[in-house]
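Chains, contacts and geometry: an overview
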Amino acid sequence: MNTLFMHCRPGFEGEVCSEIAEHAARLNVAGYAKAKPASACAEFVCTEDDGAARLMGGQRFAELIFPRQWARGTFIDLPETDRISVILAHMAQFPTCGSLWLEVVDTNDGKELSNFCKKFEGPLRKALVGAGKLVDDPHKPRLLLTFKSGREVFLGLAESDNSAMWPMGIPRLKFPREAPSRSTLKLEEAWHHFIPRDQWDERLHSDMTGVDLGAAPGGWTWQLVNRGMLVTAIDNGPMAESLMDTGLVQHLMADGFTFKPKQPVDWMVCDIVEKPARNAAMLEEWIGEGHCREAVVNLKLPMKQRYAEVKRLLERIADGFKARGIKVEIGCKQLYHDREEVTCHLRRLDTRKPKSR
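Note that the coordinates shown come from a computational prediction; the quantities given were computed from them, not determined experimentally.

Basis of the calculations
- The residue count restarts for each chain, going from 1 along the sequence in the order it is written.
- Two thresholds apply to this predicted model, a pLDDT of at least 70 for residue-level local features and 80 or more for giving and counting side-chain atom pairs, whereas whole-chain, interface and lining totals are computed over all residues.
- As a rule here, side-chain values cover all heavy atoms of the structure and leave hydrogens and water aside.
- Salt-bridge detection follows one rule: a side-chain nitrogen of Lys or Arg within 4 Å of a carboxyl oxygen of Asp or Glu.
- In this description a helix means any DSSP run of H or I spanning at least four residues, a strand means any run of E spanning at least two, and both kinds are numbered starting from the N terminus.
- Burial status follows relative accessibility: with a 1.4 Å probe on protein chains alone, a residue under 20% of its type maximum counts as buried, one over 50% as exposed, and anything between as partly exposed.
- Strands are treated as partners if at least two bridges between them are detected by DSSP.

**Examining the pattern of salt bridges**
In total, this model carries 22 salt bridges according to the counting rule given. With a shortest N-O distance of 3.9 Å, Lys-260 and Glu-285 are connected by a salt bridge. Placement of the pair is Lys-260 in the loop between β10 (249-252) and β11 (265-270) and Glu-285 in helix α10 (residues 276-288), with a sequence separation of 25 residues. With a relative accessible area of 26%, Lys-260 lands in the partly exposed category. Among the ionic contacts, a cluster of salt bridges with common partners joins Lys-186, Asp-271, Lys-300 and Glu-341.

As structure tokens, this is what we get:
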């Protein structure tokens, strides 16, 4: 099991390779990264048998930016018939697993395999249980089978608490019909990724206030309002009437980059299409000056050197907070609902709290 297999957004294979190679070097895991363009996946091939396990053990998956999912294991060829017997034979070197996910890569060819996986999962699960290789135990490793075709599968393992929350890293979120735009799913996914679900009532409650910069027509504002917050929406464009009718939204026609709240707020969110350095500087200012306690901001990516640019901006933000002498939790992820962008989440950790309404 000397290969680390990773899912990603199609077109970002190079960013995954750069990122995982950097972490492997930090952990002294020898090997090389490789990927085919537009394949929606990448591999890190380790030269030592325990390399993939050491790499996963030394890196929190949630802190990776571009990989959607990962697993350590090996590729196996499958016959047209009796695939289960071949999988069980290779499972001899695997430990007993606590859960099973069948996955495909996020390409058109991969999507065509989804129906096959749905039909195959039941018989495979039954065979694994019968062979003593699968039990219901969240503390045991998860068995991840990524089918590249009906004849080739990556047989992999990942710890359930150090891998994606959803198969293939794709959340199963339903678009709320009341929301003004599908961009609302970006913010909902960000909350799922950056905030533990058992903390939502504490960190996303109705006594809070928020500001949405570049709000129109209100996809992100809707998420804040849905949690009962009072929201100041900043945009020169029109907001959805349904949001204004809630009585929880104040719409100000102003420049999102120059607006500052008269009183600190709990949340600032921003999905303005602008150069990433400008959005990053604004994010640092809002948190650093105490205008908000938490923030979610999207950074649009350049055409080239995307991982290098994201890393540079995150380091600049961290250095800015260090110079200010404040502690801030910083997270960054290319979410499933992102396109040519990454989502940053910042949380100020000092004891000074913004005033609530």
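Alright, that's what it looks like, and here's the rest.
**Some points on the pairing of strand β5 (residues 99-104)**
When you tally the buried positions in β5, you get 6 out of 6 residues, the bulk of the element. Every second residue of β5 is oriented toward a common face, with Ser-99, Trp-101 and Glu-103 on one face and Leu-100, Leu-102 and Val-104 on the other, all of them buried. Where β5 meets strand β6 (residues 142-149), 6 bridges bridge the pair, whose relative direction is parallel. If you follow Leu-102 over to β6, its bridge partner there is Leu-145.

**Brief notes about unusual backbone geometry**
The amide bond that connects Ala-216 to the next residue, Pro-217, takes the cis arrangement and shows omega of 0 degrees. Along the chain, the position of Pro-217 falls in the loop between β8 (209-213) and α8 (219-226). Of note, the phi angle at Ala-38 is positive, near 65 degrees, even though the residue is not glycine. Tracing the chain through its elements places Ala-38 in the loop between β2 (31-34) and β3 (41-46). Backbone geometry places Asp-82, a non-glycine residue, at a positive phi of 55 degrees. Here Asp-82 lies in the loop between β4 (69-77) and α3 (83-90). Of the residues examined, Asp-82 reaches a relative accessible area of 51% and is grouped as exposed.

Everything listed is a geometric property; what it means functionally is a separate question.
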